[in-house]
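So the chains spell out like this:
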Amino acid sequence: MVNQKNILIVSLICFACVIAFFWLHESDEDKIKKRFDELAEETAKATDEKELAAVIKAKKISELCADSFQVDFPSYSISRKFMRNDISAQILAARARYSAISVNFYDISIDFPEEGIADVTLTGSVEAALTSGESVREIHELRCRLEKIEKDWLFAAIEGVDVLDK
Amino acid sequence: MPEMNAAIRNFLLPEINRNFLIRVALVAVLAYIFFKYLLIPFRVSGYSMAPTYNNGDVNFCWTLRFMFSPPERFDAVTVRYAGTRVMLLKRVIAIEGETLEFRKGRLFINGKEVEEPHIKGQYNWELPPRTVKPHHVYVAGDNRHVPMETHDFGQTDLNRVIGAPVW
């Protein structure tokens with residue numbers, strides 16, 4: 001009886017340790033998903049956002065990016081490379097056009113083609129209100145490349161995928 | 001009568017034993033698989049398929065609908081993005097190899113006008129002829145009263161067609 005009780009206690013402790021390990025251990029996939037959560041959070045805008053808060057958010061978004069950041073949206077004829085120092089100003093100008101922004105990411109799948117590189121496919125949804133009052137809703141399939149630089153996963157490229165080809 | 005009461009009581013308040021827990025777990029797993037992969041519930045957001053499907057409508061996507069035969073013209077289909085959390089609900093207007101065009105809001109397939117029974121009213125879309133690529137279908141929404149530039153339509157790979165709405 002004592003033996004059984006001891007075995008049960010040891011089993012429970014082992015089980016708790018395994019759970020704790022998976023709970024506390026953050027894999028590269030978890031870190032990358034967290035990056036997208038941060039991107040969504042920093043891109044979002046409340047109607048009462050102050051200018052200082054906007055500047056801080058733009059800076060935080062630029063800190064999520066690698067030294068150079070390639071943007072390709074063939075359906076909008078956009079293909080441009082941004083340097084990290086320029087991103088903050090671009091983000092600030094882009095967000096200023098909207099009075100409210102909400103961003104969500106869905107169906108994130110992550111592939112690691114080589115060490116320190118992650119290719120991510122996901123669906124991105126943006127709902128926003130222009131300062132003129134008009135509502136905008138855009139949904140795109142996105143392919144993103146992230147690079148691991150000094151233990152941090154940073155956005156290096158983003159590409160919009162054409163689901164429907166007119 | 002007492003047996004019936006006992007049976008009802010047992011059905012509504014079953015004894016929580018090992019068999020009961022196994023049954024609950026089995027039902028939960030089967031329901032998850034069924035509604036995640038076979039009959040995906042979705043809510044319509046937007047007016048692209050109005051008046052057939054309206055904003056806020058609830059429906060289910062039956063993923064086995066095109067398992068044995070590809071979609072045909074005028075089938076309503078769901079088209080996936082990166083996954084099935086967000087999908088497009090559209091109608092097939094042309095299939096692979098066909099050439100389609102819009103002239104003054106009228107659909108022409110291979111140069112012949114085709115009636116679209118699900119379209120209500122007149123619209124003025126103009127689209128030069130284009131041929132649907134192999135293993136693709138051309139889809140558009142039923143609501144053609146919005147400007148063509150703001151409407152999501154075009155050809156898509158059959159691999160992106162997940163299924164069809166149940167009703």
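Residues numbered from 1 in each chain as written. Chains lettered and ligands numbered in written order. Predicted model: local features only at pLDDT ≥ 70, side-chain atom pairs only at ≥ 80, totals over all residues. Heavy atoms only, no water.

(A) View of the sheet that holds strand β2 (residues 78–83) of chain A. Residues and elements named next belong to chain A. Sheet architecture is open: six strands sit in the order β2-β1-β6-β5-β4-β3, paired in mixed fashion. Here the strands that pair on one side only, and so sit at the sheet edges, are β2 and β3 (98–114). Going from strand to strand, the sheet's axes swing by 20° on average, the running direction of each strand aside. Here β3 pairs with strand β4 (residues 117–130) via twelve bridges, running antiparallel. When the sheet's bridge partners are listed, isoleucine 101 is paired in β4 with alanine 128. Sheet contacts for helix α2 (residues 28–43): β3, β4, β5 (135–149) and β6 (152–161); angle to β3, the most-contacted strand, approximately 165°. (Pairing = 2+ DSSP bridges. Helix = DSSP H or I, 4+ residues; strand = E, 2+ residues; numbered from the N terminus. Axes fitted to C-alpha atoms, helices over the stretch in contact; angles between N-to-C directions. Contact = heavy atoms within 4.5 Å.)

(B) Up close: the domain arrangement of chain B. One can read the domain layout of chain B as domain 1 (1–37) and domain 2 (44–165). Using C-alpha coordinates to define each centre, domain 1 of chain B is positioned 42 Å away from domain 2 of chain B. (Domains from an automatic or database assignment.)

(C) Structural detail: the packing of α2(A) against helix α3 (residues 51–63) of chain A. Residue and element names in this part refer to chain A. Across the interface, α2 lies against α3 with an axial gap of 9 Å and an inter-helix angle of 155°. Judged on the interaxial angle alone, α3 and α2 are roughly antiparallel. Here α2 and α3 pass one another in a crossing that is left-handed. Contact residues: Leu39, Glu41, Glu42 and Thr43 in α2; Lys57, Lys60 and Ile61 in α3. When the residues that make up the contact of α2 with α3 are grouped by side-chain class, the tally is two nonpolar, one polar and four charged. (Parallel < 35°, antiparallel > 145°, perpendicular 65-115°, else oblique. Left-handed = near helix turned anticlockwise from the far one by under 90°. Nonpolar A, V, L, I, M, F, W, Y, C, P; charged D, E, K, R; others polar.)

(D) Up close: unusual backbone geometry. Residue and element names in this part refer to chain B. With omega at 5°, the peptide bond leading from alanine 50 into proline 51 counts as cis. As for its placement among the helices and strands, proline 51 is situated in the loop between β1 (39–43) and β2 (58–62). Even without glycine at this site, lysine 104 takes up a positive phi of about 50°. Mapped onto the secondary structure, lysine 104 falls in the loop between β5 (99–103) and β6 (106–109).

(E) Representation of the side chain of B:Gln155 in the model. Along the chain, B:Gln155 turns up in strand β10 (residues 154–157). A polar contact is formed between the side chain of B:Gln155 and the backbone oxygen of B:Thr131, at a distance of 3.4 Å. Engagement of the side chain of B:Gln155 in a polar contact is seen with the backbone nitrogen of B:Lys133, the distance being 2.8 Å. Leave out the neighbours within four places in its chain, and B:Gln155 touches A:Val163, A:Leu164, A:Asp165, B:Thr131, B:Val132, B:Lys133, B:His136, B:Val137 and B:Tyr138. (Polar contact = N/O pair within 3.5 Å; in protein donor to acceptor, adjacent residues only side chain to side chain.)

(F) View of the interface of chain A and chain B. In this assembly, 14 residues from chain A lie in contact with 23 residues from chain B. For the pair chain A and chain B, the summed buried surface comes to about 1500 Å²; carbon and sulfur atoms form 56% of the total. Three residues, A:Val163, A:Leu164 and A:Lys166, lead the burial of chain A against chain B; their summed loss comes to 45% of the area buried on that side. Our count for the chain A to chain B interface comes out at two salt bridges. One salt bridge connects B:Lys133 with A:Asp165, and the closest N-O pair in it is separated by 3.7 Å. On the surface where chain A and chain B come into contact, there are 13 residue pairs in polar contact (both at pLDDT 80 or more). (Buried area = accessible area lost by both parts, 1.4 Å probe. Salt bridge = Lys/Arg side-chain N within 4 Å of Asp/Glu carboxyl O.)

(G) Inspection of the pattern of salt bridges at higher detail. Scanning the entire structure with this criterion turns up 18 salt bridges over all chains. Its salt-bridge partner being A:Asp67, residue A:Arg84 comes within 4.0 Å of it at the nearest N-O pair. With a gap of 17 residues between them, A:Arg84 in helix α4 (residues 84–96) and A:Asp67 in strand β1 (residues 65–73) connect regions that are remote in the sequence. Taking the relative accessible area as the measure of exposure, A:Asp67 reaches 54% and is therefore exposed. Notably, a salt bridge pairs B:Glu98 with B:Arg73, separated by 2.6 Å at the nearest N-O pair. Of this pair, B:Glu98 sits in the loop between β4 (87–95) and β5 while B:Arg73 sits in the loop between β2 and β3 (76–80), placing them 25 residues apart in sequence. Using a relative accessible area of 11% as the deciding quantity, one classes B:Glu98 as buried. Of the residues examined, B:Arg73 reaches a relative accessible area of 28% and is grouped as partly exposed. (Buried < 20%, exposed > 50% of the residue type's maximum accessible area, 1.4 Å probe, protein only.)

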